[in-house]
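# Coordinate analysis (summary)
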Amino acid sequence: MRRGRRIRAAGLAVALVLTGAACGDDDVATGARPTELTLAYDPLTGVEPAALTTAIVDRLGSIGILVEGVDVDGEAGTVTVGLEDDRLAALSGELLAQQGVIRIRPVLAVITPDEAPAVAVTPADEDTAPAQPVVLVHRDREGAVDQTYQLGPAIVDVDAIATASAEEDAAGTLGIRLVLEEAALPGFEDAATICFGKATTCPLGLLAVTIDGEVLAAPEVAQPSFDDGAIFITPQLDDAGIHRLANVLAQGPLPVALVPAAIRSAGG
């Protein structure tokens, strides 16, 4: 049987930047211990180990987490990420569990709590056909489902986001500013016009921004045109979560979905 390919990311380390909220200088000297984070993925995806390694290092490096090495076992469908600081293992797993596939879909209906039990929600890992309508949930800050949406086909798909950044709006509310690629602007402009007019394909005038099969936000379209191709959304996250999510979106999606499996001390 042909062995799965392995690749170790040598020389791809990035600088670790720690703030007082994470740990102090003394902790860096005495508290950090090397650790390994193992994640699983579907080996049938055929993802290139080099591409996955680069994506992992870039994703964690975007918030200053040092990656000592990445070992991809293509046959087993596992990835082992070496980290310098064990206190950042859980956060690293959280960041890598978010693939970052973002889409924008018109809202066809908001399903009431009474109706929700009778409606089949599209599993997050099955939201893979952007041209098909779906039923997706939105979660509050505690992670509980607080809204269910029936959504139409995607008007903006995963490769249409040019940049993402955490910014404040005119009222001082922290959110995420998404800027679309130029090629995506005509379709988005058409959708904005349709939603502003509350046509049958966007009857509520809402556009849902989804990530990894769940609704991130569903703002009302307040104008028929967006000249700069920018969208401002306010996810139900604290400030740190908004900054982390903006980093995830700015880096682009991982080439495959990862599921955290284990954390253990390096060499243990």
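Analysis parameters
Just so you know, the residues in each chain are numbered from 1, in the order the chain's sequence is written. Restriction of local features to residues with pLDDT of at least 70 applies here, the model being predicted, together with a cutoff of 80 or more for giving and counting side-chain atom pairs; totals for whole chains, interfaces and linings are based on all residues. Just so you know, side-chain values use all the structure's heavy atoms and leave hydrogens and water out. Axis lines are fitted to C-alpha atoms, over the contacting stretch for helices. Their N-to-C directions set the angle, which ranges from 0 to 180 degrees. Strands are runs of DSSP state E lasting at least two residues, helices are runs of H or I lasting at least four, and both sets are numbered from the N terminus onward. Convention used here: angles under 35 degrees read as roughly parallel, angles over 145 as roughly antiparallel, angles from 65 to 115 as roughly perpendicular, and any remaining angle as oblique. Helix crossings fall into two classes, left-handed where the near helix is turned counterclockwise from the far one by less than a right angle and right-handed where it is turned clockwise. Whether two residues are in contact is decided by their heavy atoms: any pair within 4.5 Å suffices. Following the grouping adopted for this structure description, the nonpolar residues are Ala, Val, Leu, Ile, Met, Phe, Trp, Tyr, Cys and Pro, the charged ones are Asp, Glu, Lys and Arg, and the polar ones are all others, Gly among them. Exposure categories follow from relative accessible area, calculated using a 1.4 Å probe and restricted to protein chains: below 20% of the type maximum is buried, above 50% is exposed, and the middle band is partly exposed. Strands are labelled as partners when DSSP assigns at least two bridges between them. Identification of polar contacts relies on pairs of N or O atoms within 3.5 Å, with a donor-acceptor requirement for protein atoms, meaning one able to donate a hydrogen and the other able to accept it, and with residues adjacent in sequence counted only if both atoms are side-chain atoms. Computed over the protein atoms alone on a 1 Å grid, cavities are sets of points where a 1.4 Å probe fits but cannot get out and pockets are open sets with protein on both sides within 12 Å along at least five of seven lines; a residue lines them when it has an atom within 4 Å of a point. Grid points are joined across faces, edges and corners, and a volume is the space filled by probe spheres set on the points. By nonpolar core is meant a set of buried Ala, Val, Leu, Ile, Met, Phe, Trp, Tyr and Cys residues that side-chain atoms within 4.5 Å join together.

## Remarks on the packing of helix H2 (residues 49-61) against helix H3 (residues 89-97)
Relative orientation of the contacting elements H2 and H3 amounts to 120 degrees, with a least axis distance of 10 Å. One way to sum up the angle between H2 and H3 is to call them oblique. The two elements H2 and H3 meet at a crossing, and its hand is right-handed. On the side of H2, the interface is formed by Ile56, Arg59 and Leu60, while H3 contributes Ser92, Leu95 and Leu96. Tallied by class, the residues present in the contact of H2 with H3 amount to four nonpolar, one polar and one charged.

## Here's the deal with the pairing of strand S2 (residues 67-73)
Here S2 lies mainly inside the structure; five of its seven residues are buried. Judged from the six bridges that link them, S2 and strand S3 (residues 78-83) form a sheet pairing that is antiparallel. Counterpart to Val72 in the pairing with S3 is Val79. Taking the residues between adjacent antiparallel strands as the criterion, S2 and S3 are bridged by four residues, where Gly77 takes a positive phi near 70 degrees.

## Some points on the sheet that holds strand S11 (residues 230-233)
The antiparallel open sheet is built from three strands, whose spatial order is S7-S8-S11. Looking along the sheet, the strands with just one partner apiece sit at the ends: strand S7 (161-168) and S11. Each neighbouring strand pair of the sheet contributes to a mean axis angle of 20 degrees, computed without reference to strand direction. Pairing between strand S8 (residues 174-180) and S11: four bridges, direction antiparallel. In the sheet register, Val179 faces S11, and the bridge partner there is Ala230. Sitting on the sheet, helix H5 (residues 239-251) touches S7 and S8, and the angle it makes with S8 is about 15 degrees.

## Quick word on the side chain of Asp73
Within the element layout of this structure, Asp73 appears in strand S2. There is a polar contact of 3.1 Å between the side chain of Asp73 and the backbone nitrogen of Ala76.

## Digging into the layout of surface pockets
Here the largest pocket is characterised by a volume of approximately 1100 Å³. Taken together, 34 residues line the largest pocket, and the ones lying closest to its centre are Ala97, Gln98, Ile211, Asp212 and Glu214. Those elements that provide at least two residues to the lining of the largest pocket are H3, strand S5 (134-139), strand S10 (214-217) and H5. Split by residue class, the lining of the largest pocket holds 14 nonpolar, eight polar and 12 charged.

## A few points about the nonpolar core
The nonpolar side chains of a soluble globular protein tend to be buried with one another. Counting residues in hydrophobic clusters, the biggest one holds 29 residues, and the most contacted among them are Ile176, Leu178, Leu180, Ile233 and Leu249. Mapped by element, the contributors of at least two residues to this core are strand S4 (102-111), S7, S8, helix H4 (185-196), strand S9 (207-211), S10, S11 and H5. Excluding its chain neighbours within four sequence positions, the residues that come into contact with Leu180 are Val156, Ala160, Ile161, Ala162, Leu185, Phe188, Gly229 and Ile231. Leu39, Tyr41, Ala55 and Val70 belong to the second-largest nonpolar core, a separate cluster that totals 24 residues.

Don't take any of this as a statement about function, it's just geometry.
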